[in-house]
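Summary of the model geometry
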Amino acid sequence: MIKKFILISLMFIISCGYQPIYVNKVLKDIEFYKISIEGDKEANRIILDFLSIEENKLNNNLEELLLKSTYTIEELSKNSRGQVISYRSKINVKLIIQKDQRILKDFSFTEDFAYNNRDNKFELIEYQKDVKRNIIDKILEEIIIKLNV
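Let us look at the structure shown here. A quick note: this is a predicted structure, and the numbers were derived from the prediction, not measured.

This paragraph deals with the packing of aromatic side chains. Scanning all chains against the criterion turns up four aromatic pairs. Here the aromatic residues Tyr87, Phe113, Tyr115 and Tyr127 are joined through ring pairs into a cluster of three or more. Of note, Lys57 hangs over the ring of Tyr33, and the distance from its end group to the ring centre comes to 5.2 Å. Looking at Lys132, its charged tip hangs above the ring of Tyr71, at a distance of 4.4 Å from the centre.

Pasting the structure below:
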């Protein structure tokens with residue numbers, strides 16, 4: 001009985017045209033006449049690489065892209081001895097698409113994550129790198145949704 005249910009469910013999912021939202025073909029190579037970047041270099045690089053955004057100076061009919069990002073690590077709480085107990089990593093990304101100095105689209109994305117301090121500082125730094133990458137991935141999901149709408 002359970003096998004039949006699973007088989008019927010799979011057939012329904014396959015036949016209804018289900019596709020994951022974040023497949024590689026979601027965004028084809030996006031070109032802009034000019035790309036300006038400000039802020040956190042690593043976050044900007046990851047975003048541009050993942051979205052396959054390229055600059056094409058030959059076609060001046062294309063829009064311009066301004067990508068601004070900031071990455072901060074804040075101390076959330078300290079104990080009675082003044083040692084940090086928890087941190088928050090926060091990333092703000094702003095995408096501005098403009099043409100002839102006129103803003104066509106303006107998107108703002110903010111994600112943060114709070115976490116506890118680590119005794120080993122090397123582990124803390126590695127964990128903060130992982131947190132940063134995960135936050136960027138969340139923002140990339142939001143960017144894909146906004147650009148596909």
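Our focus in this paragraph is unusual backbone geometry. Positive phi is not limited to glycine here, since Ser52 has a value of about 55°. Here Ser52 shows up in the loop between α2 (41–51) and β3 (53–55). Classification of Ser52 as partly exposed rests on a relative accessible area of 27%.

The rules behind each value
- Residues numbered from 1 in each chain as written.
- Predicted model: local features only at pLDDT ≥ 70, side-chain atom pairs only at ≥ 80, totals over all residues.
- Heavy atoms only, no water.
- Phe/Tyr/Trp six-rings, centres within 6.5 Å; stacked < 30°, edge-to-face > 60°.
- Lys NZ or Arg CZ within 6 Å of the ring centre and 35° of its normal.
- Helix = DSSP H or I, 4+ residues; strand = E, 2+ residues; numbered from the N terminus.
- Buried < 20%, exposed > 50% of the residue type's maximum accessible area, 1.4 Å probe, protein only.

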